[in-house]
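Inside the fold
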There are 2 protein chains.
Amino acid sequence: MNGRVERSVAAWSMANSPTGDSATERLVRILDTFTPTRTVQTATEIGRRSGLPSSTAHRIVNELVTTGLLERDEERRVRIGMRLWELSTRSSQALRLRQAAMPFMERVQSRVREHTQLAILEQDEALFLERLSSPESGSNITRVAGRLPLHASSSGLVLLAFGPPDLQERVLSSRLAPLTRATLSDPDAVRRKLAEVRKLGHAIAPGYIEEVSTGIAAPVRDETGRVIAALSVVLPRDAETDFAVLELHRASADIARSLGYHS
Amino acid sequence: MNGRVERSVAAWSMANSPTGDSATERLVRILDTFTPTRTVQTATEIGRRSGLPSSTAHRIVNELVTTGLLERDEERRVRIGMRLWELSTRSSQALRLRQAAMPFMERVQSRVREHTQLAILEQDEALFLERLSSPESGSNITRVAGRLPLHASSSGLVLLAFGPPDLQERVLSSRLAPLTRATLSDPDAVRRKLAEVRKLGHAIAPGYIEEVSTGIAAPVRDETGRVIAALSVVLPRDAETDFAVLELHRASADIARSLGYHS
DNA sequence: CGAGGCACTCCCGATGAATGGGAGGGTGGA
DNA sequence: TCCACCCTCCCATTCATCGGGAGTGCCTCG
């Protein structure tokens, strides 16, 4: 019967962010609760996963929905909005690369008949822009828009070997988590591997990511000759690598040429 | 020689946002300064275009750069970050549609030999997800991730005709800006046109967008039978439309079927 | 049919992070 | 040398943001 509850005296409120993160940071935290496998969730879930109080999460999610960065489906669940996709197409940079690479990736795929993928460097990780597979392709945990650590994947090793020195510093001085027993997790071992990659012009990573498969990657250059991406295939662990290496180098050169690189 | 300038007495500072917009809003304002044709800009430019004070713009841009939503190139100019593309791939929704539609769009393209495009409804506009063209295709101002108003484009008319009633209310009661002399800009004319579209099952828009071309669009249904997209082609203004209409209907039906729609 | 769980909205006092004007540095072109 | 431009830094002010908590509505389960 008491419609009005006594307002708590211990009211202990806050302003802006008590945890010391900026508005931008919380926004990204919210967007980051979406993963390749979890593409819809309730606002409450988002709050839980991002570590934000429920009421705060609801407020921000609602704002994002009105701006179109997020969307609600029929059941009021939340997913990433088309607005975000639209904005992402403005980042022509990498999409131009993808466009240029596609035909040659298809050639590699049709000749090697295993997973063929294209990765770029993104915030100290290898980000996979595209991946072609055929039904008979073997195991491969990569997915489009997925990431792998630089020191463990063949693509990553290429990006690292031909990347800026400060990147190498940073990565080699961080923890090199092993994914399998074969993964290089010692800085010196990685350093030696990088020298080998530079010398050979490609990286071979047998069992680094998964025991059963070997990654092979070659650098892709833009018109200025800078290495901007890695083109790779994933073979069964015991497969012959020479043919794949050859095809990768050929495709890399063709991509670079179609981007305007000469010699 | 005077190292220290007298601090202005009229100092008239603010906190948070004096203009009354939320942090989210300013963020979107900043992202929106990127357009399909302007994909790189300086932080100062962003400030100017978004109407934010330079120092504020710089601060926010820097935050966005560290979170990866924006990136800087060699010359410190700013562009949309790959992080955003990555997030956008989580919005499987429309990308699934695009995936399903691609093969059939290619068939239409190869048979009609004119621009073939796929649009969805997004914030009261037609947003183009994909567009196939051949060298011999005629004029067409549409671009991937571009938008057109609902009342003026054939795709838009389809999305409007088969869309929710409140959408029709909203659009018809807003200003219907004409793009050419042929564009329908009178609410009643549009209403009659929508009735026609529903009756025929497709929209024909001669010269509404550009004097020289005619847009033709058919609705695409998802597994529940709801219209979720419009498939369209752009013909020269005087071209025969029957064959294109037929092909569009056939492709629409095939797309719906591959999405799981029956009958 | 009531209890408990869950998602969400609304309210509101407190507050500190965000704000923006302006100074100053650095660079490049005329 | 000057001007134009981009950017960083500083700091007093202040208002939008924050979040605990209450309330609502909708489930499901016992």
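Residues numbered from 1 in each chain as written. Chains lettered and ligands numbered in written order. Predicted model: local features only at pLDDT ≥ 70, side-chain atom pairs only at ≥ 80, totals over all residues. Heavy atoms only, no water.

1. With respect to the sheet that holds strand S3 (residues 78-80) of chain B
Residue and element names in this part refer to chain B.
- Spatial strand order, S1-S3-S2: three strands in an open sheet with antiparallel pairing. The sheet terminates laterally at strand S1 (40-41) and strand S2 (70-72), the two strands that pair on one side only.
- Pairing of S2 with S3 involves three bridges; the strand directions are antiparallel. Note on S3: the bridge partner recorded for Glu71 is Arg79. (Pairing = 2+ DSSP bridges. Helix = DSSP H or I, 4+ residues; strand = E, 2+ residues; numbered from the N terminus.)

2. Some thoughts on the packing of helix H6 (residues 154-161) of chain A against helix H8 (residues 187-200) of chain A
Residues and elements named next belong to chain A.
- Direction vectors running N to C along H6 and H8 enclose 80 degrees, while the axes themselves pass 9 Å from each other. As far as their axial angle goes, H8 and H6 are roughly perpendicular. Note on element contacts: H8 touches H6 through Lys193, Leu194, Val197 and Arg198, opposite Leu157, Val158, Leu160 and Ala161.
- When the residues that make up the contact of H6 with H8 are grouped by side-chain class, the tally is six nonpolar, no polar and two charged. (Axes fitted to C-alpha atoms, helices over the stretch in contact; angles between N-to-C directions. Parallel < 35°, antiparallel > 145°, perpendicular 65-115°, else oblique. Contact = heavy atoms within 4.5 Å. Nonpolar A, V, L, I, M, F, W, Y, C, P; charged D, E, K, R; others polar.)

3. Digging into the interface of chain A and chain B
- Contact residues are listed per partner, giving 47 residues for chain A and 46 residues for chain B.
- Across the chain A to chain B interface the summed buried area is about 4000 Å²; carbon plus sulfur atoms make up 62%.
- When the buried surface of chain A facing chain B is broken down by residue, Met82(A), Trp85(A) and Arg90(A) rank first, second and third, together holding 18% of it.
- Where chain A packs against chain B, one counts four salt bridges.
- Between Arg83(B) and Asp32(A) there is a salt bridge, and its shortest N-O distance comes to 2.6 Å.
- The interface formed by chain A and chain B holds nine residue pairs in polar contact (both at pLDDT 80 or more) in total.
- Looking at the side of chain A that touches chain B, the elements that each hand over two or more residues are helix H1 (23-31), helix H3 (54-67), strand S3 (78-80), helix H4 (82-88), helix H5 (92-112), strand S4 (115-122) and strand S5 (125-132) of chain A.
- Among the elements that line the side of chain A that touches chain B, the one with the most residues is H4(A), at seven residues.
- Its residues placed into classes, the side of chain A that touches chain B shows 22 nonpolar, 15 polar and 10 charged. (Buried area = accessible area lost by both parts, 1.4 Å probe. Salt bridge = Lys/Arg side-chain N within 4 Å of Asp/Glu carboxyl O. Polar contact = N/O pair within 3.5 Å; in protein donor to acceptor, adjacent residues only side chain to side chain.)

4. Some remarks on the sheet that holds strand S7 (residues 203-206) of chain A
Residue and element names in this part refer to chain A.
- The six strands are arranged S6-S5-S4-S9-S8-S7 in an open sheet whose pairing can be described as antiparallel. Each edge of the open sheet carries a strand with a single partner, namely strand S6 (147-149) and S7. In this sheet, neighbouring strand axes are inclined to one another by 30 degrees on average, regardless of whether the strands run parallel or antiparallel.
- In this sheet, S6 lies alongside S5 in antiparallel orientation, the contact comprising three bridges.

5. Concerning the pattern of salt bridges
- In total, this model carries 44 salt bridges over all chains according to the counting rule given.
- The closest approach of N and O atoms between Arg107(A) and Asp254(A), which form a salt bridge, is 2.7 Å. One end of the pair, Arg107(A), is in helix H5; the other, Asp254(A), is in helix H9 (residues 242-258), and 147 residues separate them in sequence.
- Using a relative accessible area of 22% as the deciding quantity, one classes Arg107(A) as partly exposed.
- As a salt-bridge pair, Arg170(B) and Asp124(B) come within 2.7 Å of each other at their nearest N and O atoms. With a gap of 46 residues between them, Arg170(B) in helix H7 (residues 165-172) and Asp124(B) in the loop between strand S4 (115-122) and strand S5 (125-132) connect regions that are remote in the sequence.
- Taking relative accessible area as the criterion, Arg170(B) reaches 40% and is therefore assigned partly exposed. (Buried < 20%, exposed > 50% of the residue type's maximum accessible area, 1.4 Å probe, protein only.)

6. Focus: the environment of Phe243(B)
Residues and elements named next belong to chain B.
- On the secondary structure map, Phe243 appears in helix H9 (residues 242-258).
- On a C-alpha basis, the gap between Phe243 and Val112 in space is 7.8 Å, while along the polypeptide they are 131 residues apart.
- Beyond its immediate chain neighbours, meaning those up to four positions away, Phe243 contacts Arg111 and Val112.

7. Notes on the nonpolar core
- Counting 36 residues, the largest nonpolar core has Leu64(A), Leu70(A), Leu64(B) and Leu70(B) as the members making the most contacts within it.
- Beyond its immediate chain neighbours, meaning those up to four positions away, Leu70(B) contacts Leu31(B), Phe34(B), Val61(B), Leu64(B), Val65(B), Val78(B), Arg79(B), Ile80(B) and Gly81(B). (Core = buried A, V, L, I, M, F, W, Y, C linked by side-chain atoms within 4.5 Å.)

8. With respect to the pairing of S5(A)
Residues and elements named next belong to chain A.
- The buried fraction of S5 is high, at six of eight residues.
- Direction of pairing for S4 relative to S5: antiparallel, over a ladder of seven bridges. Bridge pairing in S5 places Ala119 opposite Phe128.
- Joining the antiparallel neighbours S4 and S5 is a turn of two residues, in which Gln123 adopts a positive phi near 50 degrees.

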